[in-house]
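Structure assessment
Each chain is listed here by its residues.
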2 protein chains.
Amino acid sequence: MHILHTHYHRRMASTEIEALVQQLARLPGLGPRSARRAVLHLMKKRESSFAPLLAALQTVSERLVTCGICGNVDTSDPCAICADPRRDPRSLCVVEEVSDLWALDKSRLFPGKYHVLGGRLSALEGVRPQDLSIDALVARVAAGGIDEVVLAMNATLEGQTTAHYLAERLEGYPVRLTQLAHGLPVGGELDYLDEGTLAQALRARRPVS
Amino acid sequence: MHILHTHYHRRMASTEIEALVQQLARLPGLGPRSARRAVLHLMKKRESSFAPLLAALQTVSERLVTCGICGNVDTSDPCAICADPRRDPRSLCVVEEVSDLWALDKSRLFPGKYHVLGGRLSALEGVRPQDLSIDALVARVAAGGIDEVVLAMNATLEGQTTAHYLAERLEGYPVRLTQLAHGLPVGGELDYLDEGTLAQALRARRPVS
């Protein structure tokens, strides 16, 4: 075989297919290699894979809406969670982002509803209280019927700053304010944990029951 | 927090979003977890990520076509490779699948054109010569203008059976038939290679130059 490295911009597929590979490669968890494999898979399974994926994307794209009650993103307003009568309306869990809501809710451990702030307070990034859905949260609490507000912010400086700010804003309302426990993650080995986590775990130590 | 494992079928997103997660999770290299992350990413970046991906998929879906010359799948017929005047028409590389074509061509090492069989002969799966694009290959060779045909089948039993069959079918035509070398992969350690590869490497040993 006559081996030759070509130097002009040689294409092995049309620009349309290259563009699709590039778009897919930008998704988290995918790269150019897996995007290429995904496109090949789609092209091979046109009926059973490409068509249903395209239809699902189209439907979601057309109907995507931010829930007017909690700030979740769904294909209906109110969202599936706010519209669910079997969820306990007296428990409200406040999260930074929709991704945090998903992470918590798929555990199926929290029986109540949510409130999505849309970010966290950050002096560095110039995110102020009025940039987040905080007034709406206070209004929900002020409207009554809520017993507990769980501040489920990330265990970061900005997350905790946001939690403190929310605690101040919600002071005086007849609700129990709680936050997620900090400490050793399940399976965490002391040897591998950062000092911050160890300090939290030590500070919040509890009597052996 | 009042912890409660719910037992009814509780949804955290609409069925449309769940359907999209499921479709994405079926792509090679993705699973339920990364599909969920991808959907969250798309929902968050509606303008910069969701819209362009959807448009790219739509375009490719509408234009996808099998090349009438080589059997490649592209958005034009003839495909980008067959239509490229700078590729050497005297070299033809025969591969089993479009994915093999992509794997080879992204190395940019082969200066010629391709022929995609659409599979491999397999008694087990009932794939016969007439199920593959073999007559079209013979016709291309018979039409003349081709000096070398590289049989780039997979190094599997069925791939090699297919290569032998093709060699028989192309006997008598004035073309040089070659196949990819078998042996140690680059970086391969003897200790970790299977016996089959070692046997091939030993059988095809060459004088030290």
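Residues numbered from 1 in each chain as written. Chains lettered and ligands numbered in written order. Predicted model: local features only at pLDDT ≥ 70, side-chain atom pairs only at ≥ 80, totals over all residues. Heavy atoms only, no water.

Taking an unreviewed UniProt entry as the reference, chain A is identified by name as Recombination protein RecR belonging to Sphingopyxis terrae subsp. ummariensis. What UniProt states about chain A under its Sequence similarities (unreviewed entry) heading is, verbatim, "Belongs to the RecR family." (UniProt positions renumbered as here; feature names shortened; annotations may be inferred.)

Taken residue by residue, the interface counts 74 residues in chain A and 74 residues in chain B. Summing the contributions of chain A and of chain B, the shared interface buries around 7,300 Å²; its carbon and sulfur component is 64%. Looking only at chain A, the three residues that lose the most surface to chain B are A:R10, A:M12 and A:W102, adding up to 12% of its buried area. Remark: the boundary between chain A and chain B carries 4 salt bridges. When the shortest N-O distance is used, the salt bridge between B:R63 and A:E16 registers 2.5 Å. At the surface where chain A touches chain B, the tally comes to 14 residue pairs in polar contact (both at pLDDT 80 or more). (Contact = heavy atoms within 4.5 Å. Buried area = accessible area lost by both parts, 1.4 Å probe. Salt bridge = Lys/Arg side-chain N within 4 Å of Asp/Glu carboxyl O. Polar contact = N/O pair within 3.5 Å; in protein donor to acceptor, adjacent residues only side chain to side chain.)

Sheet strands pair via backbone hydrogen bonds, and the direction of the pair is either parallel or antiparallel. Residue and element names in this part refer to chain A. With parallel pairing, the 4 strands of this open sheet are ordered in space as β4-β3-β5-β6. On the outer flanks of this sheet lie β4 (112-116) and β6 (176-179), each paired with one strand and no other. Adjacent strand axes in the sheet meet at a mean angle of 25 degrees, parallel and antiparallel pairs treated alike. Relative to strand β5 (residues 148-151), strand β3 (residues 88-95) runs parallel, the two being bridged by 4 bridges. Of the residues in β5, the one forming a bridge with S91 is E148. (Pairing = 2+ DSSP bridges. Helix = DSSP H or I, 4+ residues; strand = E, 2+ residues; numbered from the N terminus. Axes fitted to C-alpha atoms, helices over the stretch in contact; angles between N-to-C directions.)

On to the packing of helix α1 (residues 15-25) of chain A against helix α3 (residues 46-63) of chain B. When two helices pack together, their arrangement is captured by the angle between the axes and the distance separating the axes. Orientation of α1(A) relative to α3(B), taken along the N-to-C sense of each, is 145 degrees, at an axis distance of 9 Å. Judged by the twist between their axes, the crossing of α1(A) over α3(B) is left-handed. From α1(A), A:E16, A:I17, A:A19, A:L20, A:Q23 and A:L24 reach across to α3(B), where they touch B:S49, B:P52, B:L53, B:A56, B:L57, B:T59, B:V60 and B:R63. Class assignment for the residues of the contact of α1(A) with α3(B) results in 9 nonpolar, 3 polar and 2 charged. (Left-handed = near helix turned anticlockwise from the far one by under 90°. Nonpolar A, V, L, I, M, F, W, Y, C, P; charged D, E, K, R; others polar.)

All right, on to the domain arrangement of chain A then. Quite often, the size of an interface is put as the accessible area lost when its parts meet. Its domain assignment divides chain A into domain 1 (15-63) and domain 2 (86-179). For domain 1 of chain A versus domain 2 of chain A, the separation of C-alpha centres amounts to 35 Å. (Domains from an automatic or database assignment.)

Once that is clear, we can look at the sheet that holds strand β6 (residues 176-179) of chain B. Residue and element names in this part refer to chain B. Strand order in the open sheet made by the 4 strands is β4-β3-β5-β6, with parallel pairing throughout. Here the strands that pair on one side only, and so sit at the sheet edges, are β4 (112-116) and β6. Across the sheet, the mean angle from the axis of one strand to that of its neighbour is 25 degrees, orientation sign disregarded. Relative to β6, strand β5 (residues 148-151) is paired through 4 bridges, and the arrangement is parallel.

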